[in-house]
Amino acid sequence: MKDRGGDLLKIGVIIPSLNEEHTIAETLRSVCGKAVAEVLVVDGGSSDKTVKVARANGAKVIKAPRGRGPQLNAGWRASKADWCLFLHADTQLPTDFPQLITQA
């Protein structure tokens, strides 16, 4: 993906999770395979199959202390992207979201 100036834009998607096995697959399908550099699911200690579902749908999973703030911070620190898009585990993005970001 490139910005308006033509420079390569590396976007990482960071998704904090806790027991999201029923919603995270759909969220990951809306972002994985798109023009993003990485998709990180930051798990706060799920007791269900969230981690397994996230990995099966193409995300890299990292563990972090429970809590939105610590999980977002851990994802940001682990990211290698130039820009981070923080996303709720039950949110689906439109198919053209990469273009919408570069046009903003």
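Located above this text is the structure these notes cover.
Chemist: Residues and numbers for the sheet that holds strand E1 (residues 11-17), please.
Modeler: Adjacent strands of a sheet pair through backbone hydrogen bonds, lying either parallel or antiparallel. The sheet built from 4 strands is open, its strands ordered E3-E2-E1-E4 with parallel pairing. Edge positions in the sheet fall to strand E3 (60-63) and strand E4 (83-86), since each of these pairs with one other strand and no more. Neighbour-to-neighbour, the strand axes of the sheet open up by a mean angle of 30°, direction not taken into account. As paired strands, E1 and E4 are joined by 4 bridges and run parallel to one another. Directly across from Gly12, in E4, lies its bridge partner Cys84. Against the sheet, helix H1 (residues 24-31) contacts E1 and strand E2 (38-43), and its axis sits at roughly 175° relative to E1.

Chemist: Describe in detail H1, supporting the description with residues and values.
Modeler: Along H1, 6 of the 8 residues are buried, which leaves the element largely enclosed by surrounding structure. Considered for burial, the residues of H1 that qualify are Ile24, Ala25, Thr27, Leu28, Ser30 and Val31. Gly33 lies just past H1 and shows a positive phi near 85°.

Chemist: Break down unusual backbone geometry for me, citing the residues and quoting the values.
Modeler: With a phi close to 55°, Asn19 is a non-glycine residue in the positive phi region. Structurally, the position occupied by Asn19 is in the loop between E1 and H1.

Chemist: Residues and numbers for the environment of Pro70, please.
Modeler: Structurally, the position occupied by Pro70 is in helix H3 (residues 68-78). The class for Pro70 is partly exposed, based on a relative accessible area of 39%. Apart from residues no more than four positions distant in its own chain, Pro70 is found in contact with Ala64 and Pro65.

Chemist: Please provide a residue-by-residue account of the pairing of E3, values included.
Modeler: As paired elements, E2 and E3 share 4 bridges and run parallel to each other. Its bridge partner lying in E3, Asp43 is registered against Lys63.

Chemist: I'd like a rundown of the side chain of Ser79, residues and numbers included.
Modeler: Here Ser79 is to be found in the loop between H3 and E4. Note on Ser79: relative accessible area 14%, which makes it buried. Polar side-chain contacts of Ser79 include one of 2.2 Å to the side chain of Glu38. Excluding its chain neighbours within four sequence positions, the residues that come into contact with Ser79 are Ile14, Glu38, Leu40 and Cys84.

Parameters at a glance
- Residue numbers restart at each chain and count upward from 1, following the sequence in its written direction.
- Under the rules for a predicted model, residues below a pLDDT of 70 receive no local features and side-chain atom pairs below 80 are neither given nor counted, while totals for whole chains, interfaces and linings still include all residues.
- Based on all heavy atoms of the structure, the side-chain values leave hydrogens and waters out of the count.
- Here, strands pair whenever DSSP counts at least two bridges between them.
- Secondary structure counts use DSSP, requiring at least four H or I residues in a row for a helix and at least two E residues in a row for a strand, with both numbered from the N terminus.
- Helix axes use the C-alpha atoms of the stretch in contact, all axes being lines fitted to C-alpha atoms, and the angles between their N-to-C directions lie in the range 0 to 180 degrees.
- The contact criterion used is simple: two residues touch if any of their non-hydrogen atoms lie within 4.5 Å.
- The classification of residues rests on relative accessible area computed with a 1.4 Å probe and restricted to protein chains. Under 20% of the type maximum is buried, over 50% is exposed, and intermediate values are partly exposed.
- Each polar contact in these results corresponds to two N or O atoms within 3.5 Å; when the atoms are within protein, one needs to be able to donate a hydrogen and the other to accept it, and residues that are neighboring in sequence are counted only if both atoms are side-chain atoms.

The values reported here are purely geometric and, on their own, carry no functional implication.
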